[in-house]
Amino acid sequence: MAARALPEVNIDDKVFTLKYYVDEQKSHLSLRDPGLCLKCAQKPCLSFCPVGVYRLDAQGQVVVGYQACVECGSCRVACPLHNIKWDYPRGGYGVAYKFG
Amino acid sequence: MVRLNYDVIVVGGGPAGMAAAITCARAGLDTILLERGRFAGAKNLFGGVVYTASVLSLVPDLFSASRLPFERPVTEEGWWILSQDGVVKITHTNATLRESPPRAFTAFRAKFDAWLAKQAQKAGVLVVPKVRVIDLLIKDNFVCGVQTDRTASWDDHRPAQVKAPVVILAEGVNRILSIKAGLVPRDFSPKEVALSVKEVLQLPKGELESRFGLQKDTGLAVELLGEASLGLPGTGFLYTNTSCLSLGVGLFLIDYATHNIKPYALLEHLKRHPVLAPLLAEAETLEYGAHLIPEWGFFGLAKLCGNGVLAVGDAVGLVNPLFREGTNLAIYSGILAGKAAIYAHKKGNFGYHTLRLYEEALKDSYIYQDLRYFRKLKTFLQQNKSFFQTYPYLLNEVLHLYLTAQGRAKQEVFKEICQLIRKQRGVTGLLGDFVRAMKFLKGW
């Protein structure tokens, strides 16, 4: 692949177009061992997640913003350390596409 | 959920699940369909194009409806082959494609699947949304029901179990229950799925028609190659809806991870392409979304059925990315699985040896034949990188040289073209690619 500088995109502007029924009681995504992420050099989750669920906090720890999840399943299989505990949200919760 | 015993349980309210449920209910089977979204379609997303024949095979009186569950007929389709700043367009239209009824339509999942749910209800299916199936009930090696995440009643706070001798898994690409049912030995890998992102873009009134040369009953569906996927294996797409556009792009999931590509940055790059940008000027994003596409193909195919259980659609991996087939294969597989469920109820036997009527029917169909024919697709795409990273750009350069050759000795122009091809791919590379492409297309 030829190197390209891809444009900076504020993913929150995209997520803003989606409708969610957020389950405030329970996150359907979590890190099995948050410490393990500190040892992960590449952290591909920061890139491949289409809605930017995975971000770094000020301490360099991966944090999970499950509220924006569109339940595609990418992180379920693409985390190199299989450190993401993945589940669907409870019935009726999560994303609800208007168009799809 | 008052009653908890049915003839058939269908898990998932996409086209595959709806087709299976409708088929069962029409034959008089007591059928329940469980959908985790707020309504059927709420969790679903595709490009998307729907083929009329597949819908007609499920809903024969489709065109008697006053409002169709589609956007625009697809009357022109093909490829836009993008370089970094240019395009070579290959699209096709003719009188047959403009005939009525159209052979394909653009559509939205949230609307199309919800419409299918209405057809299912008409057929007698009990469609229950907002219920997630968290596990299968397995007794004596037979799947005999499902465990849901909803309580049985106001008084009973235990999760409700729904029972039926046949469970049809239409759970989609994340085939978690299929693994529990023993139909697939392992989860898929990031090399076996494509991650696509899409934006639904609203143009100012009348601009869709004027920018894309559309009339009320015509529509365009093009795949975007080359720069759309940054020269990586993958494609973009642009489909015209009634009053808005669907624009998207997809790569193998592994490539986002390896090259640190953010899917939304890739889509934004496409939106800013010098050819696309003017077509999208003043567009407003109505909705963004993402979906995985099962591309494990023939070699990753799940077992289609087991004792008391059948799997359909994306859960099995019934997708042909080359020919943009998925929704139609989902519908066909749902119908075939439904027929096997009916047969099993007639025989009063729900074991694998009865349900494999579905497996046999699917293996006799073009769906399975195509899967086998294109079994090397993924390997071909991943190993023959020049089809994505060289040829789209080369084609643009060659055509540019040819089309701007005025005022020069043409012999010199052709020499330059030959040099360009030799430099970028070489005669051996070119011949090798040709042979490999032919071998692939011959199904070897």
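Residues numbered from 1 in each chain as written. Chains lettered and ligands numbered in written order. Predicted model: local features only at pLDDT ≥ 70, side-chain atom pairs only at ≥ 80, totals over all residues. Heavy atoms only, no water.

Caption draft 1: Region of the structure containing the overall build of chain A. Secondary structure assignment for chain A yields four helices and six strands. In sequence order, chain A lays out its α and β elements as α-β-β-α-α-β-β-α-β-β. Projected onto its principal axes, the C-alpha coordinates of chain A cover approximately 35 × 35 × 25 Å. The proportion of buried residues among the 100 residues of chain A is 54%. Long-range contacts, defined here as pairs at least 24 residues apart, represent 68% of the contacts in chain A between residues at least 6 apart. (Helix = DSSP H or I, 4+ residues; strand = E, 2+ residues; numbered from the N terminus. Buried < 20%, exposed > 50% of the residue type's maximum accessible area, 1.4 Å probe, protein only. Contact = heavy atoms within 4.5 Å.)

Caption draft 2: Representation of the domain arrangement of chain B. Residue and element names in this part refer to chain B. Domain boundaries assigned for chain B yield domain 1 (8-71 + 107-188 + 297-364), domain 2 (193-294) and domain 3 (381-441). A C-alpha centroid distance of 29 Å is found between domain 1 and domain 2. With 15 residues of domain 1 in contact, the opposing surface of domain 2 contributes 17 residues. Summed over both partners, the interface of domain 1 with domain 2 buries about 1400 Å², with 64% contributed by carbon and sulfur atoms. Put simply, domain 1 and domain 2 have one salt bridge between them. When the shortest N-O distance is used, the salt bridge between Arg 324 and Glu 223 registers 2.8 Å. (Domains from an automatic or database assignment. Buried area = accessible area lost by both parts, 1.4 Å probe. Salt bridge = Lys/Arg side-chain N within 4 Å of Asp/Glu carboxyl O.)

Caption draft 3: Structural context of the packing of helix H1 (residues 15-26) of chain B against helix H8 (residues 327-347) of chain B. All names here are of chain B. Contact pair H1 / H8: the axes reach a minimum separation of 7 Å and the direction vectors enclose 35°. By crossing handedness, the relation of H1 to H8 is classed as right-handed. When H1 is examined against H8, the residues Pro 15, Ala 16, Ala 19, Ala 20, Thr 23 and Cys 24 are found in contact with a partner set consisting of Thr 327, Ala 330, Ile 331, Ser 333, Gly 334, Ile 335, Gly 338, Lys 339, Ala 341 and Ile 342. A class-by-class count of the residues in the contact of H1 with H8 yields ten nonpolar, five polar and one charged. (Axes fitted to C-alpha atoms, helices over the stretch in contact; angles between N-to-C directions. Left-handed = near helix turned anticlockwise from the far one by under 90°. Nonpolar A, V, L, I, M, F, W, Y, C, P; charged D, E, K, R; others polar.)

Caption draft 4: View of the environment of Val173(B). Residue and element names in this part refer to chain B. If you trace the backbone, Val 173 turns up in the loop between strand S11 (166-169) and helix H4 (176-180). Taking relative accessible area as the criterion, Val 173 reaches 5% and is therefore assigned buried. Once the C-alpha coordinates of Val 173 and Leu 394 are considered, the two residues, 221 residues apart in sequence, prove to be 36 Å apart. Not counting the four nearest positions on each side in its chain, Val 173 is found in contact with Phe 188, Val 193, His 291, Leu 292, Ile 293, Pro 294, Trp 296, Asp 314 and Ala 315.

Caption draft 5: Representation of unusual backbone geometry in the model. For the peptide bond that leads from Gly47(B) to Gly48(B), omega is 5°, which places it in the cis range. Mapped onto the elements, Gly48(B) comes out in the loop between strand S2 (31-34) and strand S3 (49-51). For the bond running from Ser100(B) to Pro101(B), omega is 0°, close enough to zero to count as cis. By the element assignment, Pro101(B) lies in the loop between strand S5 (87-92) and strand S6 (104-106). In this structure, Glu71(A) is a non-glycine residue whose phi angle is positive, near 60°. Here Glu71(A) shows up in the loop between strand S4 (62-64) and helix H4 (74-78).

Caption draft 6: View of the interface of chain A and chain B. Counting from both sides, the interface comprises 43 residues of chain A and, opposite them, 59 residues of chain B. Here chain A and chain B share an interface that buries about 4400 Å² over both sides, 56% of which is from carbon and sulfur atoms. Here chain A is connected to chain B by eight salt bridges. Note that Lys98(A) and Glu287(B) form a salt bridge whose closest N and O atoms lie 4.0 Å from each other. At the level of secondary structure, the elements contributing two or more residues to the side of chain A that touches chain B comprise helix H1 (11-15), helix H3 (45-48), H4 and strand S6 (94-95) of chain A. Ranked by residues supplied to the side of chain A that touches chain B, first place goes to H4(A) with four residues. Looking at the side of chain A that touches chain B residue by residue, the classes come out as 25 nonpolar, ten polar and eight charged.

Caption draft 7: Region of the structure containing a nonpolar patch on the surface. All names here are of chain B. On the surface, a cluster of nonpolar side chains totalling about 480 Å² of accessible area is made up of Leu 395, Leu 399, Tyr 402, Leu 403 and Phe 414. Top element by residues in the nonpolar patch is helix H13 (residues 391-403). It accounts for four residues. With respect to the helices and strands, Phe 414 occurs in helix H14 (residues 410-424). For Phe 414, a relative accessible area of 44% corresponds to the partly exposed category. (Patch = residues over 30% accessible without salt bridge, like charges linked within 9 Å, V, L, I, M, F, W, Y side chains within 5 Å. Areas by Shrake-Rupley, 256 points an atom, 1.4 Å probe, with all protein chains shown as cover.)

Caption draft 8: Layout of the packing of aromatic side chains. For the structure on display, the rule yields 18 aromatic pairs over all chains. On the basis of an interplanar angle of 50° and a centroid distance of 6.3 Å, the ring pair of Tyr402(B) and Phe414(B) is categorised as tilted. You can see Tyr402(B) sitting in helix H13 and its partner Phe414(B) sitting in helix H14, a full twelve residues away along the chain. Put simply, the rings of Phe323(B), Tyr373(B), Phe374(B), Phe380(B), Phe387(B), Tyr391(B) and Phe440(B) pair up and form one aromatic cluster. The residue whose ring lies beneath Arg38(B) is Tyr21(A), and the NZ or CZ to ring-centre distance is 3.5 Å. Across from the ring centre of Trp80(B), 4.3 Å away, lies the NZ or CZ of Lys89(B), which sits over that ring. (Phe/Tyr/Trp six-rings, centres within 6.5 Å; stacked < 30°, edge-to-face > 60°. Lys NZ or Arg CZ within 6 Å of the ring centre and 35° of its normal.)

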